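So you can see what is in the structure, the chains are spelled out below.
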There are 2 protein chains.
Amino acid sequence: MRKRKGAGRPTIADVAAQAGVSSITVSRALRDPQKVSERLRAKIDKAVRALNYIPDTHASALASSRSNVVAVLVPSLTNNVFSDTLRAIYDALDASPLQVQLGNSRYSATEQERLIGIFLSQRPTAVIVSGIDQTPAARKMLEEANCPVVQIMETGPDPIDMMVGFSHYQGGRAAAQHLIDQGYRHIGFLGARMDPRTTRRLAGFRRALEDAGMFDPDLVKTTTTSSSVTLGGVLLRELARHRPDLDAVFCNNDDLALGALFGAQKAGISVPDQLGIAGFNDLEMMQAACPSLTSIRTDRYGIGRHAVNMIQAVLEGTPPPEKIIDLGFDLQMRQSSDRRHILASGPA
Amino acid sequence: MRKRKGAGRPTIADVAAQAGVSSITVSRALRDPQKVSERLRAKIDKAVRALNYIPDTHASALASSRSNVVAVLVPSLTNNVFSDTLRAIYDALDASPLQVQLGNSRYSATEQERLIGIFLSQRPTAVIVSGIDQTPAARKMLEEANCPVVQIMETGPDPIDMMVGFSHYQGGRAAAQHLIDQGYRHIGFLGARMDPRTTRRLAGFRRALEDAGMFDPDLVKTTTTSSSVTLGGVLLRELARHRPDLDAVFCNNDDLALGALFGAQKAGISVPDQLGIAGFNDLEMMQAACPSLTSIRTDRYGIGRHAVNMIQAVLEGTPPPEKIIDLGFDLQMRQSSDRRHILASGPA
DNA sequence: TTGTAGGCGTTATCAG
DNA sequence: CTGATAACGCCTACAA
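Residues numbered from 1 in each chain as written. Chains lettered and ligands numbered in written order. Predicted model: local features only at pLDDT ≥ 70, side-chain atom pairs only at ≥ 80, totals over all residues. Heavy atoms only, no water.

(A) Seen up close, the environment of Ser 337 of chain A. All names here are of chain A. Its location among the elements puts Ser 337 in the loop between strand S12 (329-332) and helix H14 (340-344). We classify Ser 337 as buried; its relative accessible area is 0%. Spatially, the C-alpha atoms of Ser 337 and Val 271 are 7.6 Å apart, while their sequence positions differ by 66 residues. Ignoring sequence-local partners within four residues, the contact set of Ser 337 consists of His 178, Leu 179, Gln 182, Tyr 184, Pro 272, Ile 277 and Thr 294. (Helix = DSSP H or I, 4+ residues; strand = E, 2+ residues; numbered from the N terminus. Buried < 20%, exposed > 50% of the residue type's maximum accessible area, 1.4 Å probe, protein only. Contact = heavy atoms within 4.5 Å.)

As structure tokens, this is what we get:
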């Protein structure tokens, strides 16, 4: 008489009975076949197939206090920037027994905090979290989580544990400097969402223009709504109408840059002669566009790969020498901001 | 003397001791606060905070044989098509205690089968799986999983359990018919990846052209490599070079369509007059492009929302009346295939 | 409303 | 190499 019913599925005990061995032998045969004689192993495999046995992750995790879960938190599922990093994480974890538990924090620090709480209750093997702007409570939870933690996408001082990314401030600064170098003089900024990383890109942009004595707050056009190609066109049109002297824009990201290009084309503004455009991230489409679009190339796949590498190194007892990895970025100059032909022939 | 060490974290028993109650009372206070008196609840809450207690998901799942996990399998993390659906799933599950376990099958049926096996070992509450082309073994596992299963993105006969999507065959056919109706006569097909859904779009395309007596296998240009904007340009250039009479292309997806547009622009081919272009899915950028791009609009967000609704309905004991939901599609005609000005003024 | 007893399926520990 | 036993942390069932 059972006092309680489980899920009704076959358990290790059922397999053991069928194979005529003890359950611990089945457990071993499944986890580490070499530890079991070939004869028993064959019997066990047969029983497993006959019963269609599937091990219970939860029982295993409870008994071993190991979960094989790597918690991953990103702020968006639709932003291509994160999908490249996610793909790298899935690729890197593919060969290992580790599973990804993915959370979408929607660009909200409090939502991220909530998800961290939920995810930690799964006793994850490691945590990968986007950004460096965790709430104090979230930070505390992660510090006490007693597992490797990697903050990704960005670098900064004072990591919770480990970190891999690059400086968005420097990225924004480099983009602005490039436009200055190309001879543009009334350079605008188009920004959407305005999350912490976007804000730091704007800070870098501002710094470069200030150093050149040409920062004009009136040329900064931002919105907190989410980014899109359409929005890029809208922001450009509004800014260009308000400030006809605008001659270049640095866009927060590549979607906006593509939208700005389309917007310019619709308005009959020639790129790069009348308007220079630079984006951020260098999505694949940037080089295919007509004209091709300048962007700051970031190694998003590398970020995911390094994050997993760092975690695996720690788990293997050989923690990486550096707690912080800065993968940097590269400015990819393309047609949309290339005025070398003009610069070469002297001022107009 | 402990015979075995757990993770070392505080357990419900620790909280109970600290609060001076029994552990079951703590358990209840956490799950269903109304069942515990306010006085004890306050004590317990205090103890939880003091100890920084985090419940153990695995112990809970084992004891209750409920896991709160919804397994979701998609073929790609970088394809925007799936990110919209995923976002819907995360949004819909947000209010519930259910967690998403996401798997990336990389457009491989055998990889999907492998992941299904892994995921079922978590005893998921429900499974959402992309496509209708599961391997026989995968299908069998899902049929025996004893939980709601929803196949998404596509409709077809013989669902494993439930289904929500639309007909890619009809979508391809509608796109081709539209191009025919606009007066194009040498209509090509650009396809990447050639996964089952792409193949069915091509079948629909072919059918429409055959019905019109104008199908030409020589105008079908496909590759099994993954899709990209750049690839769209490459495929268009190759096809146009080989067949100068080409006057329209239906692209497998919107990335290819955008790439085809850029490719045409680079080659000095005017769209839509010399070349009509239609894509598939109607990503946001299509309406923003210059010229704007025709596409088959699909309700990807709706697919995710319906999938979760169906699951929740079953869990609540009120299974949906229809096992199969066809969300259909809409042709969005835009500038890239709009020849009404030509049709109106008669044949050239 | 609160508590007692015991099991969920697996694995760590210790013997043989 | 194999097995008996007792946890892992929580929850169901039943009782008070």
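There is more to say, and it comes next.
(B) Structural detail: the side chain of Asp 338 of chain A. All names here are of chain A. Within the element layout of this structure, Asp 338 appears in the loop between S12 and H14. Look at Asp 338 and you get buried, because its relative accessible area is 17%. Side chain to side chain, Asp 338 and Arg 340 meet in a polar contact 2.8 Å long. (Polar contact = N/O pair within 3.5 Å; in protein donor to acceptor, adjacent residues only side chain to side chain.)

(C) Region of interest: unusual backbone geometry. For the bond from Cys 290 of chain A to Pro 291 of chain A, the omega torsion is 0 degrees, close enough to zero to count as cis. Residue Pro 272 of chain B follows Val 271 of chain B across a cis peptide bond; omega there is 15 degrees. For Pro 272 of chain B, the position within the fold is in the loop between helix H11 (254-267) and strand S9 (276-281). Positive phi, close to 65 degrees, is recorded for Asn 146 of chain A, a residue that is not glycine. By the secondary structure assignment, Asn 146 of chain A is in the loop between helix H7 (136-143) and strand S4 (149-152). Phi is positive for Met 194 of chain B, close to 55 degrees, though the residue is something other than glycine. Relative to the helices and strands, Met 194 of chain B is located in the loop between strand S6 (187-191) and helix H9 (196-211).

(D) Looking closely at the interface of chain A and chain B. At the junction of the two partners, chain A supplies 58 residues and chain B supplies 58 residues. Summed over both partners, the interface of chain A with chain B buries about 5300 Å², with 50% contributed by carbon and sulfur atoms. The largest contributions to the chain A side of the interface with chain B come from Arg 9, His 58 and Arg 123 of chain A, which together make up 14% of the buried area. Taken together, chain A and chain B are joined by 8 salt bridges. Our count for the chain A to chain B interface comes out at 29 residue pairs in polar contact (both at pLDDT 80 or more). Of all elements in the fold, only helix H4 (57-64), helix H5 (80-93), strand S2 (99-104), helix H6 (109-120), helix H10 (229-242), helix H11 (254-267) and helix H12 (285-288) of chain A reach the threshold of two or more residues within the side of chain A that touches chain B. With 7 residues, H5 of chain A is the largest single contributor of residues to the side of chain A that touches chain B. Each residue belonging to the side of chain A that touches chain B can be placed in one class, and the counts come to 23 nonpolar, 20 polar and 15 charged. (Buried area = accessible area lost by both parts, 1.4 Å probe. Salt bridge = Lys/Arg side-chain N within 4 Å of Asp/Glu carboxyl O. Nonpolar A, V, L, I, M, F, W, Y, C, P; charged D, E, K, R; others polar.)

(E) Local environment of the pairing of S4 of chain A. Residues and elements named next belong to chain A. Every second residue of S4 is oriented toward a common face, with Val 149 and Gln 151 on one face and Val 150 and Ile 152 on the other, all of them buried. Bridge analysis of strand S3 (residues 126-130) against S4 gives 4 bridges, and the strand direction is parallel. By the bridge assignment, Ile 128 is partnered in S4 with Val 150. What joins S3 to S4 is H7, and the crossover it makes is right-handed. The pairing of S4 with strand S5 (residues 162-165) spans 3 bridges and is classified as parallel. Paired with Gln 151 across the two strands is Met 163, which belongs to S5. (Pairing = 2+ DSSP bridges. Right-handed = clockwise from strand over helix to strand, strands pointing away.)

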